[in-house]
Amino acid sequence: MTKDKDILHCPICNKSIRIISNNYKCTNCNSNFPIEDGIGILVPSPTEHISMIDKKIEGITGDWYSADQVRSYEKGPYYNHLQKRKKFVTKILEEINKKNKINNLLDLGCGDGSNLKWISKFSQNLYGTDYNLLRLKRAKKILNEIKISSKLFLTDIFSMPFIENSFDLIFFNHVIEHLEDDKLALKKIFKITKKGGYVILGTPNEGALAWKFAYYIESNVKRKTDHVNFYTANSIKKISEEAGFTVEHIEYMGWGIPIWKIDPLFRKYKIFDDLFESIGKKIFRNQATSLYLILKKNN
Ligand SMILES: [Zn+2]
């Protein structure tokens, strides 16, 4: 069982923290980090951070911050596609677990916990972080209901409260496209990955021509996504390598009609989602909707 002191440190000064009367307290700089509903608020300025997110919830990209993810995961038009992602990630986790037992697993940007639910079985110690307390509280509730034990923390990716070389596996799923300084984020993730450990990085393939076209004809969709980066396989591979990772594999996944208004009308039916997948994989490989990269931190 991994203890707090083995992986956590102060997000401000990187020295050790410990729990004193329902707060994490830094032993060096004396900073206080509250714990709410069992979730440690481990960001440099907890109050400012929470009010910043509250403002986002009221803004134009508010849906990205507050819409029910589990509902869209399980009942939305892309259910069939999400099952394909889950199947792929499961296969990778099984392979990695066979080679090297995954001790500490972090879902970085865990949101409402849709993925924590099923990746939990691949780890001894399950961690989830997000910068949105609303989502973390939902995740906690869902995991408690199905009796999965986990540790959830509110964190900021640019000042994470984790000690170097802490995680055997980091699941970093559809987060990086939202981060202005994506290169720095990858460097931070590289640090906290254990030597010999892996990162499974998922992101939309929105730098591809088909999806650039989709945004071009429906520019209102772009404004609502909160995406700031639009990658191709090559561009995401390049910045992953610059951060220090070896790219072991790139998976192209999901094909559709590059018109946001029409695509979900078809892909909500498994028969179409499967058909697009089999045609796309053969003929339009580079125009997939999603990418998964398997990144390794070598010894
Ligand atoms: Zn400190």
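Refer to the preceding data block for the structure.
What you are looking at is a predicted structure, and each value in this text was computed from that prediction instead of being measured.

Visitor: Help me understand the overall build of the protein in this model?
Guide: When helices and strands are counted, the protein shows 13 helices and 11 strands. Computed over C-alpha atoms, the radius of gyration of the protein comes to 19 Å, within 12% of the 19 Å expected from 2.2 N^0.38 for 299 residues, which places it in the range of a compact globule. Each principal axis of the C-alpha distribution contributes one length, and for the protein these read about 55 × 45 × 35 Å. Within the protein, buried positions represent 52% of all 299 residues. Residue pairs in contact within the protein that sit at least 24 positions apart in sequence constitute 71% of those at least 6 positions apart. Here the protein displays about 14,600 Å² of accessible surface, and carbon together with sulfur accounts for 54% of that area.

Visitor: Looking at this structure, how should I read the packing of helix 5 (residues 79-99) against helix 13 (residues 270-283)?
Guide: For any two helices packed against each other, the geometry is given by the interaxial angle and the distance between the axes. Axis separation between helix 5 and helix 13 bottoms out at 9 Å; the angle between their running directions is 55°. Relative to helix 13, helix 5 is oriented oblique. Contact residues: helix 5 offers Asn80, His81 and Lys84, while helix 13 offers Lys270, Asp273, Asp274 and Glu277. When grouped by side-chain class, the residues that make up the contact of helix 5 with helix 13 number no nonpolar, two polar and five charged.

Visitor: Would you mind showing me how to read the coordination of the zinc ion here?
Guide: Ideal values for angles at a metal depend on the geometry: 109.5 degrees with four tetrahedral donors, 90 or 180 degrees with six octahedral donors. Each protein donor to the zinc ion is listed here as Cys10 (SG), Cys13 (SG), Cys26 (SG) and Cys29 (SG); together their distances run 2.2 to 2.3 Å. According to the relative accessible area criterion, cysteine 10 is buried, its value standing at 0%. The partly exposed category is assigned to cysteine 29, whose relative accessible area is 31%.

Visitor: So what exactly am I meant to see when it comes to the environment of lysine 270 here?
Guide: Positionally, lysine 270 belongs in helix 13. Here the alpha-carbon distance between lysine 270 and glutamine 69, two residues 201 residues apart in the chain, equals 20 Å. A polar contact is formed between the side chain of lysine 270 and the side chain of aspartate 274, at a distance of 2.7 Å.

Visitor: I'm lost on unusual backbone geometry in this one. Help?
Guide: Glycine aside, a negative phi is what most residues show, and trans is what most peptide bonds show. Backbone geometry at asparagine 14 places phi at a positive 65°, although glycine is not the residue there. Assignment of secondary structure puts asparagine 14 in the loop between helix 1 (4-7) and strand 1 (17-20). One non-glycine residue with positive phi stands out, namely asparagine 22, at about 55°. Along the chain, asparagine 22 turns up in the loop between strand 1 and strand 2 (23-26).

Visitor: What exactly am I supposed to notice about the sheet that holds strand 9 (residues 193-204) here?
Guide: Sheet strands pair via backbone hydrogen bonds, and the direction of the pair is either parallel or antiparallel. Strand order across the open sheet formed by 11 strands is 1-2-3-4-7-6-5-8-9-11-10, with mixed pairing between neighbours. Each edge of the open sheet carries a strand with a single partner, namely strand 1 and strand 10 (246-253). Pairwise comparison of adjacent strand axes, ignoring direction, gives a mean angle of 20° for this sheet. Along the sheet face, helix 2 (residues 46-58) touches strand 3 (32-36), strand 4 (39-41) and strand 7 (151-154) and points at about 50° away from the line of strand 3.

Visitor: Just checking my understanding: could you explain the pattern of salt bridges for this structure?
Guide: It is possible for side chains bearing opposite charge to pair when their charged atoms get close. Enumeration over the complete set of coordinates arrives at 14 salt bridges. A salt bridge links aspartate 274 to lysine 84, with the shortest nitrogen-to-oxygen separation between them at 2.7 Å. Taken as a pair, aspartate 274 in helix 13 and lysine 84 in helix 5 lie far apart in primary sequence, 190 residues in all. Taking the relative accessible area as the measure of exposure, lysine 84 reaches 19% and is therefore buried. Among the charged side chains, a network of salt bridges with common partners joins Lys84, Asp263, Arg267, Lys270, Asp273 and Asp274.

Visitor: Is there a simple way to explain the nonpolar core in this structure?
Guide: Generally speaking, soluble globular proteins have nonpolar side chains that are buried together. Within the largest apolar cluster, 42 residues are counted, with the highest numbers of intra-cluster contacts made by Phe162, Ile170, Phe172, Ile189 and Leu201. Of all the elements, helix 8 (residues 182-192) adds the most residues to this core, at four residues. Not counting the four nearest positions on each side in its chain, isoleucine 189 is found in contact with Leu108, Ile157, Met160, Ile170, Phe172, Val199 and Phe245. Membership of the second largest hydrophobic core comes to 32 residues, among which are Ile39, Phe122, Leu152 and Ile294.

Visitor: Honestly, the side chain of asparagine 125 in this entry has me stumped. Any pointers?
Guide: Topologically, asparagine 125 is positioned in strand 6 (residues 125-130). Polar side-chain contacts of asparagine 125 include one of 2.9 Å to the side chain of threonine 2. Apart from the residues lying within four places of it in its own chain, the contact partners of asparagine 125 are Met1, Thr2, Asn103, Asn104 and Leu105.

Reading the values: rules and limits
Residues numbered from 1 in each chain as written. Predicted model: local features only at pLDDT ≥ 70, side-chain atom pairs only at ≥ 80, totals over all residues. Heavy atoms only, no water. Helix = DSSP H or I, 4+ residues; strand = E, 2+ residues; numbered from the N terminus. Rg over C-alpha atoms; globule rule 2.2 N^0.38 Å. Buried < 20%, exposed > 50% of the residue type's maximum accessible area, 1.4 Å probe, protein only. Contact = heavy atoms within 4.5 Å. Areas by Shrake-Rupley, 256 points an atom, 1.4 Å probe, with all protein chains shown as cover. Axes fitted to C-alpha atoms, helices over the stretch in contact; angles between N-to-C directions. Parallel < 35°, antiparallel > 145°, perpendicular 65-115°, else oblique. Nonpolar A, V, L, I, M, F, W, Y, C, P; charged D, E, K, R; others polar. Donors = N, O, S within 2.8 Å, 3.2 Å for Na, K, Ca; no water. Polar contact = N/O pair within 3.5 Å; in protein donor to acceptor, adjacent residues only side chain to side chain. Pairing = 2+ DSSP bridges. Salt bridge = Lys/Arg side-chain N within 4 Å of Asp/Glu carboxyl O. Core = buried A, V, L, I, M, F, W, Y, C linked by side-chain atoms within 4.5 Å.

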